[in-house]
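# Inside the fold
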Protein chains: 2
Amino acid sequence: MFESAELDQKISKEEFARREPEIRTRLLQAQQRIQKAGLPVLILLAGVEGADRSGVVKRLNEWLDPRYLRTHAFWDETDEERQRPYYWRFWRCLPARGETAIMFGSWYTRPIIDRVFDHMDDNTFELSLQTIKTHEQMLADDNHIIIKLWFHLSSNQQQERLAEKKRAGKSPTASLFKKFAKHYVNFLNVSERALRSTDTASNPWHIIEAGNRRFRDLTAAEIIAHRLETALEKPRPAGVVSTLPTPAKNLLMGVDLSQSLPADSYVELLKKYQKKLAKQVWQAKDQARDIVLLFEGWDAAGKGGAIRRITQSIDARLYKVIPVAAPSDEEKAHHYLWRFWRHIPRNGYITIYDRSWYGRVLVERVEGFARADEWQRAYQEMNHFEQQLTQAGTVLLKFWLHISPEEQLKRFKEREVIPWKKHKITEEDWRNREKWSAYELAVHDMISKTSTQSAPWTLIAGNNKSFGRIQVLQTVTDTLDRTLGD
Amino acid sequence: MFESAELDQKISKEEFARREPEIRTRLLQAQQRIQKAGLPVLILLAGVEGADRSGVVKRLNEWLDPRYLRTHAFWDETDEERQRPYYWRFWRCLPARGETAIMFGSWYTRPIIDRVFDHMDDNTFELSLQTIKTHEQMLADDNHIIIKLWFHLSSNQQQERLAEKKRAGKSPTASLFKKFAKHYVNFLNVSERALRSTDTASNPWHIIEAGNRRFRDLTAAEIIAHRLETALEKPRPAGVVSTLPTPAKNLLMGVDLSQSLPADSYVELLKKYQKKLAKQVWQAKDQARDIVLLFEGWDAAGKGGAIRRITQSIDARLYKVIPVAAPSDEEKAHHYLWRFWRHIPRNGYITIYDRSWYGRVLVERVEGFARADEWQRAYQEMNHFEQQLTQAGTVLLKFWLHISPEEQLKRFKEREVIPWKKHKITEEDWRNREKWSAYELAVHDMISKTSTQSAPWTLIAGNNKSFGRIQVLQTVTDTLDRTLGD
């Protein structure tokens, strides 16, 4: 979930100076129109300790019109607050129509902290997230614009900030800060759960990389400006948030496509992992753990080849491969998830989906087969679906097979020439190719919103087929190692 | 919540014979149009054991076109089902577009039963209700019409049915049935929680009195016909369910307005309860329990008088009375619940609302100040609000002061004559009077949907002022007795 905020994005002083006047104008104009339209705005600042949210607050107070802006911090509970229900403090600070409230800390703070330090059990935590969802939905139903910003730092970046503060010798919260750095992984896991459960179509989370302060503040401001501007656009179907501007860097850019594997190591590794997998699937059967593997990727990225390397090593009684093409009449007559539920394996068995439910937010989004409100709420629907699988004990792995556009072109041309591959290339493939950047954005959003601890995405470097296949096999066997134990 | 299904409603053989052809025609026509429109329909049959849902199934199969109808029972888990996530069995039975699935038992069955027999803890139960809500919302977003029918029997009626079955000597589930009768109260409490948490504007529950089979079947059929017909009406704002036909009997009809109290008993009882209350509020202060009392009722029903009888006996430092009239400018600029959150008492203190948030589903509904989607989702919003109060330890009591229209007329005329009461009667009061039956329905719906174990409504018989005031005082002191202990 936080992968999209570890791309090491930076903005130089010069670029910042150039872009600042423009974003300030946009913010002020949007704010003025919001004020006239009488819409209440909540800006929630959350994130990793050390991301310097107070720096963001300062900047926003500088850039926005202070007459319609109030900042609220929730770091110390007053007597008055302690003696009333938890949400009373937030109702007190609710902005009036046309006003903006910046909330430094929010209804997320207490549940996340209590869960990290184990003062709250898992079910109570999940319930408090549901309460948050209900609360936010109620406000959204009443035209509140809720902009939820999550500022992320990698573990290393957090350590650096800690050192920085120490040198400056000025942090009043240094002890808490240290405590947090210690609990970094746990904090991130808990936060991921919180974000995933509350990332809805009408109240989405925006994850912002906070390593570079200029990038952080400009990105935050752009998201705010964009959300305000689109909230003013009418008519818009209920609950649709128009897409954000394409990020300068996306997740796929982080994949090192130059990686490859010499032929002899390939044969050796293939043998090794296939042998291991052949054993593991019987172990899984014994332990009644079912496995779902899901493959998405560019046309000609090698999904079929990767899947075959897996099935070669598994007893045919244990698995099914479900190729997902255009839905049948019967499938079309049902909810779009129905066709995937059909093939959910029984305990101990394996289902491999060659393409999957993610078509909803890939091809259906890009080609306009699904309306914006449909694909936007699909992220939550798919997370909910996968949560049901993993809670029932399913091992779920998701692969995106990545190649460069140049490599794709090479393979397309090959296919046209080689007789037994000719059937694999169609007019549609060429058409899809033209929409490369639209797909790239869709993949980026998909992975940001649905890669979770219990159902992670793995990006496979597929330019070199051997390398890609081994990466897939290794990911599967490593995961089964961890899951099945000895 | 189930009060509305204990009004002893019956339909005679003659009436049934007369109405049957009409409802069958309506059902078939609606079903045909639904089939053409390609909308999937789910009819969930739930309720108290002994309500004879299989009788309803038989009738529906007779009345609806069987070509587009399938009935699914979920009473025994198969191997196949046990080895997959819980919802797999329901996805299997999901109707295709244009088809109708009658679900005898549903996703509600297991959580309710597990909670009643204590195989599931409270938090897990609440979470499973949230999962249900998410699941149903997902289907509704995809145009599924979900008709949730709850068949209710009073405890006595259930006992009668048990005896009936015994005499017939034919019940295969007699043992389970007996077990249920034993757990009647617990079952009802758990079910109330389930219904309250999942009674949303787009997927509402319909509670049906099942004591008389003819009434039960006709009512069920009418609800189904109505839901199908309104689903076909376009355009309709998302999530709005048009109101059901006015019930023949409503909750207010059950109030015995002839009850009264002679003057001397009144004085004696008043003294007794006021003395008791004066003590109890200090006890509550000691225990840091806060108290919220809320009064709604017809114009001139005696809200002010009843409130004064309470405040007379309480130390002035402990309570606030909040008269709720038209909202201030500042209040108007916020969410409608904001003005009520403002006055939530601290631990140990008391807030008395003279009129309340229920204005949303009373005057705002009847006068059209709130849109249909707004007041329909308000029931959930208010339940959620009150749940936050009671979970934080608040004692919450809600009173509806009832009088007959004749009594109101008498009091209005009095007010016009007596100089010091003249200011209390306005043009508006006379106008409201003309909408008596619209208000009656709104009150009926309000109480059905928001009277809960932890925040119950009490209907006060107010034709005799003395009687009403004592009833209020007694309800408050009795509740505090139970809540505060010794």
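For every chain, the first residue of its written sequence is number 1, and the numbers climb from 1 along that sequence. Key to labels: chains lettered from A, ligands numbered from 1, both in the order written. In view of the model being predicted, local features appear only for residues whose pLDDT reaches at least 70, and side-chain atom pairs are presented and counted only at 80 or more, with totals across whole chains, interfaces and linings using the full set of residues.

With that out of the way, let us pick up the overall build of chain A. Across its full length, chain A carries 20 helices and ten strands. For the radius of gyration, the atoms used are the C-alpha atoms, and the globule rule reads 2.2 Å times the number of residues raised to 0.38. Taking 23 Å as the expected radius of gyration for a compact globule of 486 residues, we find that chain A reaches 24 Å, a close match to that expectation. The burial label depends on the number of other C-beta atoms within 10 Å of a residue's C-beta. Counts of 20 or more mean buried, 12 or fewer mean exposed, and intermediate counts mean partly exposed, with C-beta atoms placed from the backbone. For chain A, the residues scored as buried account for 37% of the 486 residues in total. Working definition: helices are DSSP H or I runs of at least four residues, strands are E runs of at least two. Numbering for both runs from the N terminus.

A few words on the interface of chain B and chain A. The interface is formed by 36 residues belonging to chain B together with 36 residues belonging to chain A. The element best represented in the side of chain B that touches chain A is helix α6 (residues 122–141) of chain B, accounting for nine residues. Think of it as three bins: nonpolar holds Ala, Val, Leu, Ile, Met, Phe, Trp, Tyr, Cys and Pro, charged holds Asp, Glu, Lys and Arg, and polar takes everything else, Gly as well. Here the side of chain B that touches chain A is composed, by residue class, of 16 nonpolar, ten polar and ten charged. Contact criterion: two residues are in contact if their C-beta atoms, reconstructed from the backbone, are within 7 Å.

Let's shift gears to the sheet that holds strand β2 (residues 69–73) of chain B. All names here are of chain B. Two strands are said to pair when DSSP picks up at least two bridges between them. With respect to topology, five strands assemble into an open sheet ordered β2-β3-β1-β4-β5, the strand pairing being parallel. Every other strand in the sheet has two partners, leaving β2 and β5 (205–209) as the edge strands with one partner each. In this sheet, adjacent strand axes meet at a mean angle of 20° when their direction is disregarded. In this sheet, strand β3 (residues 100–104) lies alongside β2 in parallel orientation, the contact comprising five bridges. Residue pairing across strands places alanine 73 opposite phenylalanine 104, the latter belonging to β3. To obtain an axis, a line is fitted to C-alpha atoms, over the contacting stretch when the element is a helix, and the angle between two such axes runs from 0 to 180 degrees between their N-to-C directions.

What follows concerns the packing of helix α6 (residues 122–141) of chain A against helix α9 (residues 184–198) of chain A. Residue and element names in this part refer to chain A. Running from amino to carboxyl end, α6 crosses α9 at an angle of 40°, the nearest separation of the two axes being 9 Å. As judged from the angle between their axes, α6 and α9 are oblique. Remark: the crossing between α6 and α9 carries right-handed chirality. Residues Leu129, Ile132, Lys133 and Glu136 of α6 pack against Ala194, Ser197 and Thr198 of α9. For the contact of α6 with α9, the per-class residue count stands at three nonpolar, two polar and two charged. Between 65 and 115 degrees an angle is taken as roughly perpendicular, under 35 as roughly parallel, over 145 as roughly antiparallel, and anywhere else as oblique. Put simply, a crossing is left-handed when the front helix is turned counterclockwise from the back one by less than a right angle, and right-handed when it is turned clockwise.

For the rest of this paragraph, the subject is unusual backbone geometry. Even without glycine at this site, aspartate 52 of chain A takes up a positive phi of about 65°. Here aspartate 52 of chain A falls in the partly exposed class, since 19 other C-beta atoms lie within 10 Å of it. Even without glycine at this site, aspartate 8 of chain B takes up a positive phi of about 55°. Positionally, aspartate 8 of chain B belongs in the segment before α1 (13–37).

When the copies are superposed, the least-squares fit takes in the C-alpha atoms of residues with a pLDDT of at least 70 in both. Placing chain B over chain A gives an RMSD of 0.0 Å and needs a rotation angle of 180°, together with 0.0 Å of translation along the axis. Taken together, the turn and the small shift mark the pair as related by a two-fold rotation axis. Comparing interface residues between copies, 100% of those in chain B also lie at the interface in chain A; the contact surface is shared.

Okay, the domain arrangement of chain A next. Residue and element names in this part refer to chain A. What counts as a domain boundary in this text is fixed by an automatic or database domain assignment. You can read the domains of chain A as domain 1 (3–248) and domain 2 (263–484). The C-alpha centroid of domain 2 is placed 33 Å from the C-alpha centroid of domain 1. With 15 residues of domain 1 at the contact, the number on the domain 2 side is 15 residues.

To continue, consider the sheet that holds strand β4 (residues 145–152) of chain A. Residue and element names in this part refer to chain A. Read from one edge of the open sheet, five strands run β2-β3-β1-β4-β5, paired in parallel fashion. Bordering the open sheet on either side are β2 (69–73) and β5 (205–209), each of which pairs with just one other strand. Here the average twist between neighbouring strands, direction ignored, is 20°.

All names here are of chain B. A helix is expected to reach a length of 1.5 Å times the quantity of its residues less one. Here helix α16 (residues 372–391) spans 29 Å end to end across 20 residues, near enough to the 28 Å set by a 1.5 Å rise per residue. Across the chain, bend at a residue is computed as the angle between axes fitted to the seven residues ending at that point and the seven starting from it. A bend of about 35° at alanine 378 is the largest found in α16. At the C-terminal side of α16, glycine 393 shows a positive phi close to 100°.

All names here are of chain A. Counted residue by residue, strand β6 (residues 291–297) has seven buried out of seven residues, so it is predominantly covered. Both faces of β6 are covered, namely the face carrying Ile291, Leu293, Phe295 and Gly297 and the face carrying Val292, Leu294 and Glu296. The pairing of β6 with strand β8 (residues 350–354) spans five bridges and is classified as parallel. Paired with isoleucine 291 across the strands is isoleucine 350, a residue of β8.

Bringing the confidence of the model for chain A into the picture now. Confidence scores here are pLDDT values: one per residue, from the predictor, ranging 0 to 100. On average, residues of chain A carry a pLDDT of 90, and 95% of them reach 70 or more. What the predictor reports for the complex is a pTM of 0.85 with an ipTM of 0.83.

Once that is clear, we can look at the environment of glycine 297 of chain A. Residue and element names in this part refer to chain A. Secondary-structure assignment places glycine 297 in strand β6. Glycine 297 sits in the buried class, given 21 other C-beta atoms within 10 Å. Expressed as a C-alpha distance, the spacing of glycine 297 and phenylalanine 399, which sit 102 residues apart in the sequence, is 7.7 Å. Excluding its chain neighbours within four sequence positions, the residues that come into contact with glycine 297 are Lys303, Trp400, Leu401, His402 and Gly462.

Right, let's get into the environment of proline 21 of chain A. Looking at where proline 21 of chain A falls in the secondary structure, it is placed in helix α1 (residues 13–37). Remark: the alpha-carbon pair of proline 21 of chain A and tryptophan 63 of chain A, spanning 42 residues in sequence, is separated by 9.5 Å.

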